[in-house]
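# Survey of secondary and tertiary structure
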Amino acid sequence: MRMFRASPFFMESRGILQNIGTRMRLGYFIDCRSFNAHLVLNSQRRLSVIPLTETDTHPTDFAPIQNHIQRYRAIPISGDKNPDPKLVNFIDKLEDESAIETLHARLIKNGSIKDLDVGNYVLNSYVKFKLFRDARNLFDEMLHRDVRTWTILISGYARTRSAELGLRSFARMLVEEVTPNQFTLSSVFKCCSTRLRVGRVVHGWILINGVSLDVVLENSILDFYMKCGELSCARRIFELMGVKNTTTWNIVIGGYIQNGDMENSLALFRRLPSKDVETWNTIISGLIHNGSGRMALELLYEMAKVEVRFTEYTFSMALAVISSLMVLELGRQIHARVMRLELYNNEFVRSSLIDMYSKCNNVDKATTVFRQMPDSVFRKEKSWMDTVCWSAMVSGYVQNGKWMDAVGIFCKMVSEGIKVDKFTMTSVVCSCADYGTLEFGQQVHSLVLKSGHKLDVALCSSLVYMYSKCGSFSDAYLMFNQLNNRNVFLWTSIICACALHGRGREAIQLFELMRSEAIPPNEVTFLGILTACSHAGLVDEGCKYFKQMKVVYCIKPIPEHYTSMVDLFGRAGRLDDIKNFILENNISHLSSVWSAFLSSCRFHKNVDLGKRIAARLLELEPLDPQPYVLLSNISTAGSQWEESARLRSLMEERGVKKQPAQSWILLNGKIHTFAMGHKLVYPQEAEIYSYLDKLVCGLKEIG
């Protein structure tokens, strides 16, 4: 206990707790959320002072329970102080809600429920099945309650993240002068994970009352300070702990990872004398989330070398690392090992395999893995993991440009009754934006509303993006206004929508409104506002925001920012300013900048300057078809037909191929694609070309 007395908040905690103790002696109930006192008459001690705000209700689907009743009737029930071991074993093995209620009713009828141990066992069963309304009713009806009774209720609230109810129960427990034990206090600290001041008060109460600290309670205190971001305090507690187990080390390592301090987490990991699989998983997961994929892969190799057995979670992380590094061959090896260890039918691992193959551009193999799902995955009762596997497949199709396959699997997902999460809907909405399929995007939006999903920033941003890309700016702006708590991503989406539709002034107004709400723009936001200024011809404003990005927000420009500025000057015909801009910013090595410069030369029909720019661009990207095509178009615009033909021939000699332009149309739920310069391979090919010939003849007659 002495290690905590040196903590800087000890005196503060002691003062607060002394004040609380005074109020308790005056008969007041302490609300641990706000530290306000609520008067509770001592004569109403048996009356519950905690409002029942839980949403749990009694089950309405009463399954047949005859088998449970028959099994239960064979067990003798008495009113002895110690419950029959057979009864205890029976209660522990209850498997459904209706059986608990049936048992509870019979215990009330024969009076056995009055026994404290029996009541605790039934209370624990209610909590285990998250029937907190029933648990609360039983708790209030119990004539006698010991520390185990309170601990069961508080730990249940802690497990279901009902922190406020757990803290209120703890405060009432102290009012009724029931002394908590280490297990009770461990659950209380779980309720304090986001309430630093409350946790300090509880910690101070432990010190003042001389509660014996075991490693479990010390770990709970340590975890509490880590989750609240009090790293220095947590580190002092960790260093002064007499006994540290693996859980202790995992808490500290995980805490540093959570706060982005990978250096200290790795140092502690190396110090740990004995590492279990959870420790390895913790540090590898942290490296992945912090973008250190190669280091995570090295630790996976090291983990395999020391022969630590991989769990399902380890394999999932390994596949995530492979996805980020796109090492397909290693992914196949992991796949083979998964099959040897008979983990292939684990939905968690399977979804990771689908994601890995999709991100490594092998969507056909991902489809094979998906189709090999066992029949249990297609059972009548769908689980959360079913949703993950289907979502991974939808996302894989979207990432690889297979829009029709993504829509097909999405529609089947809905028809199979599998819950569609927000992540899947966001992926499908974004794909609708990329393919310009407004009608299907509207149907997905309708499904979002019918499913009862609450619009969050990610989903709302994707809907704004979809409506703007599909040409419906009014709907995009309507979606933007439906969300009150907007972050930088949502603001960026609507600013980019304004840029896409040539609404430069509106984009500037929204940008300034975002800044007035103290939301700092990021690099994508500035890219959107620069594009908006470019499309609207607002040169001075664009220059102002480019300078503001570097000076005020200290954002280093990326090639896209420089390209937008070149396009800004080029659209305004200020070609000399482009040359000065390239020299001032030392960006002559960026091919995208020269491409934008060349496009400006074409727009203003400056053939001589265009040739010089094209020559420079060909030095940087000799196999890029864009400079050949742009320069050829410039020559054609200047009636230099021979030069244009020479450039086309030069492309063929050097083996430079231009990707043919494509257009598509959605008709009867199917996308029909047309490529320029390519004959159609299509069932109605003859009819289409026949009609095109008629259109051409008609145009010639018109002149």
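Here the structure is a predicted model, which means the values were calculated and not measured.

Attention now moves to the packing of aromatic side chains. Counting across every chain of the model gives 24 aromatic pairs. For the pair phenylalanine 480 and tryptophan 491, a centre-to-centre distance of 5.0 Å together with 70 degrees between the ring planes defines the contact as edge-to-face. Pair noted here: phenylalanine 480 is in helix H27 (residues 473-481) and tryptophan 491 is in helix H28 (residues 488-500), with a separation of 11 residues, a long-range link. Residue phenylalanine 480 is classed as buried on the basis of its relative accessible area of 1%. Owing to a relative accessible area of 0%, tryptophan 491 belongs among the buried residues under this scheme. Centroid distance phenylalanine 511 to tyrosine 545: 5.0 Å. Interplanar angle 70 degrees. Geometry classified as edge-to-face. Here the residue phenylalanine 511 occupies a position in helix H29 (residues 504-516), and tyrosine 545 occupies one in helix H31 (residues 539-551), the gap between them amounting to 34 residues. Each member of the pair, phenylalanine 511 together with tyrosine 545, is buried. Among the aromatic side chains, those forming a connected cluster through ring pairs are Trp403, Phe410, Tyr435 and Phe440.

Tracing the backbone through its elements, the reader meets serine 265 in helix H15 (residues 262-271). By relative accessible area, which is 0% here, serine 265 ends up buried. Ignoring sequence-local partners within four residues, the contact set of serine 265 consists of Ile253, Tyr256, Ile257 and Ile283.

Tracing the backbone shows serine 352 in helix H20 (residues 347-359). Classification of serine 352 as buried rests on a relative accessible area of 11%. Put simply, serine 352 and methionine 317 are 35 residues apart on the chain and 8.3 Å apart in space, counted from C-alpha to C-alpha. Not counting the four nearest positions on each side in its chain, serine 352 is found in contact with Ser316 and Leu319. Only 2.7 Å separates the side chain of serine 352 from the side chain of serine 316, close enough to count as a polar contact.

Ranked by size, the top nonpolar core spans 184 residues in total, and within it Ile206, Ile283, Ile529 and Phe597 carry the most contacts. Here the element with the most residues in this core is H28; it accounts for 8 residues. What phenylalanine 597 contacts, discounting residues up to four positions off in sequence, is Val566, Leu575, Ile578, Lys579, Ile582, Leu609 and Ile613. Counting 5 residues, the second largest nonpolar core, distinct from the first, contains Leu618, Tyr628, Val629 and Leu650.

Tallying each qualifying case throughout the model produces 20 salt bridges. Note that arginine 332 and glutamate 329 form a salt bridge whose closest N and O atoms lie 3.5 Å from each other. Remark: glutamate 329 and arginine 332 occur in helix H19 (residues 328-340); sequence separation between them is 3 residues, near one turn of the helix. A relative accessible area of 48% means that glutamate 329 is categorised as partly exposed. Across the salt bridge formed by arginine 616 and glutamate 619, the nearest N and O atoms sit 3.2 Å from each other. Taken together, the positions of arginine 616 and glutamate 619, both in helix H35 (residues 607-620) and 3 residues apart, correspond to about one turn of that helix. On the basis of relative accessible area, glutamate 619 is assigned to the exposed category, the value being 59%. What emerges from the salt-bridge pattern is a single network uniting Arg136, Asp140, Arg145, Arg172 and Glu176.

On average, residues of the chain score 81 in pLDDT, and 80% of them are at 70 or above. Per-residue pLDDT stays below 50 along residues 1-81; that stretch engages in 141 contacts with residues further than four places along the chain or on separate chains. Below a pLDDT of 50 lies the segment residues 376-381, which in the model reaches 8 contacts outside its immediate sequence neighbourhood of four places, other chains included.

Every α-helix carries 3.6 residues per turn, so stepping three or four residues along brings you back to the same face. Taking 1.5 Å per residue, 13 residues should reach 18 Å; helix H8 (residues 147-159) reaches 18 Å between its end C-alpha atoms and fits that length. Taken across its 13 residues, H8 has 10 buried, putting it largely inside the fold. Every buried residue of H8 is listed here: Thr149, Trp150, Thr151, Ile152, Leu153, Ile154, Ser155, Gly156, Tyr157 and Ala158. On its buried face, H8 is in contact with helix H6 (116-128), helix H7 (132-141), helix H9 (163-175) and helix H10 (182-191).

Relative orientation and spacing of two packed helices are given, respectively, by the angle between their axes and the distance between those axes. Direction vectors running N to C along H31 and helix H32 (residues 559-571) enclose 160 degrees, while the axes themselves pass 10 Å from each other. With respect to each other, H31 and H32 are oriented roughly antiparallel. Crossing handedness for the pair H31 and H32: left-handed. Residues Val539, Gly542, Cys543, Phe546 and Met549 of H31 pack against His561, Tyr562, Met565, Leu568 and Phe569 of H32. Taken together, the residues that form the contact of H31 with H32 break down as 8 nonpolar, 2 polar and no charged.

Below, the discussion takes up helix H26 (residues 457-469). When the terminal C-alpha atoms of H26 are compared, their 18 Å separation across 13 residues agrees well with the 18 Å that a helix rising 1.5 Å per residue should span. Most of H26 is tucked away: 10 of the 13 residues are buried. The set of residues buried in H26 consists of Val457, Leu459, Cys460, Ser461, Ser462, Leu463, Val464, Met466, Tyr467 and Ser468. Those residues of H26 hidden inside the fold are in contact with helix H24 (422-435), helix H25 (438-450), H27 and H28. Positive backbone phi, approximately 90 degrees, marks glycine 471, located one or two places after H26.

Below, the discussion takes up the packing of helix H16 (residues 277-289) against helix H18 (residues 312-325). Two elements in contact, H16 and H18, have axes whose closest approach is 10 Å; the angle formed by their N-to-C orientations is 25 degrees. Our classification of the angle between H16 and H18 gives roughly parallel. The chirality of how H16 crosses H18 is left-handed. When H16 is examined against H18, the residues Val277, Asn281, Ile284, Ser285 and Ile288 are found in contact with a partner set consisting of Tyr313, Thr314, Met317 and Val321. A class-by-class count of the residues in the contact of H16 with H18 yields 6 nonpolar, 3 polar and no charged.

Thresholds, definitions, all that
Residues numbered from 1 in each chain as written. Predicted model: local features only at pLDDT ≥ 70, side-chain atom pairs only at ≥ 80, totals over all residues. Heavy atoms only, no water. Phe/Tyr/Trp six-rings, centres within 6.5 Å; stacked < 30°, edge-to-face > 60°. Helix = DSSP H or I, 4+ residues; strand = E, 2+ residues; numbered from the N terminus. Buried < 20%, exposed > 50% of the residue type's maximum accessible area, 1.4 Å probe, protein only. Contact = heavy atoms within 4.5 Å. Polar contact = N/O pair within 3.5 Å; in protein donor to acceptor, adjacent residues only side chain to side chain. Core = buried A, V, L, I, M, F, W, Y, C linked by side-chain atoms within 4.5 Å. Salt bridge = Lys/Arg side-chain N within 4 Å of Asp/Glu carboxyl O. pLDDT = per-residue confidence, 0-100. Expected span 1.5 Å × (residues − 1). Axes fitted to C-alpha atoms, helices over the stretch in contact; angles between N-to-C directions. Parallel < 35°, antiparallel > 145°, perpendicular 65-115°, else oblique. Left-handed = near helix turned anticlockwise from the far one by under 90°. Nonpolar A, V, L, I, M, F, W, Y, C, P; charged D, E, K, R; others polar.

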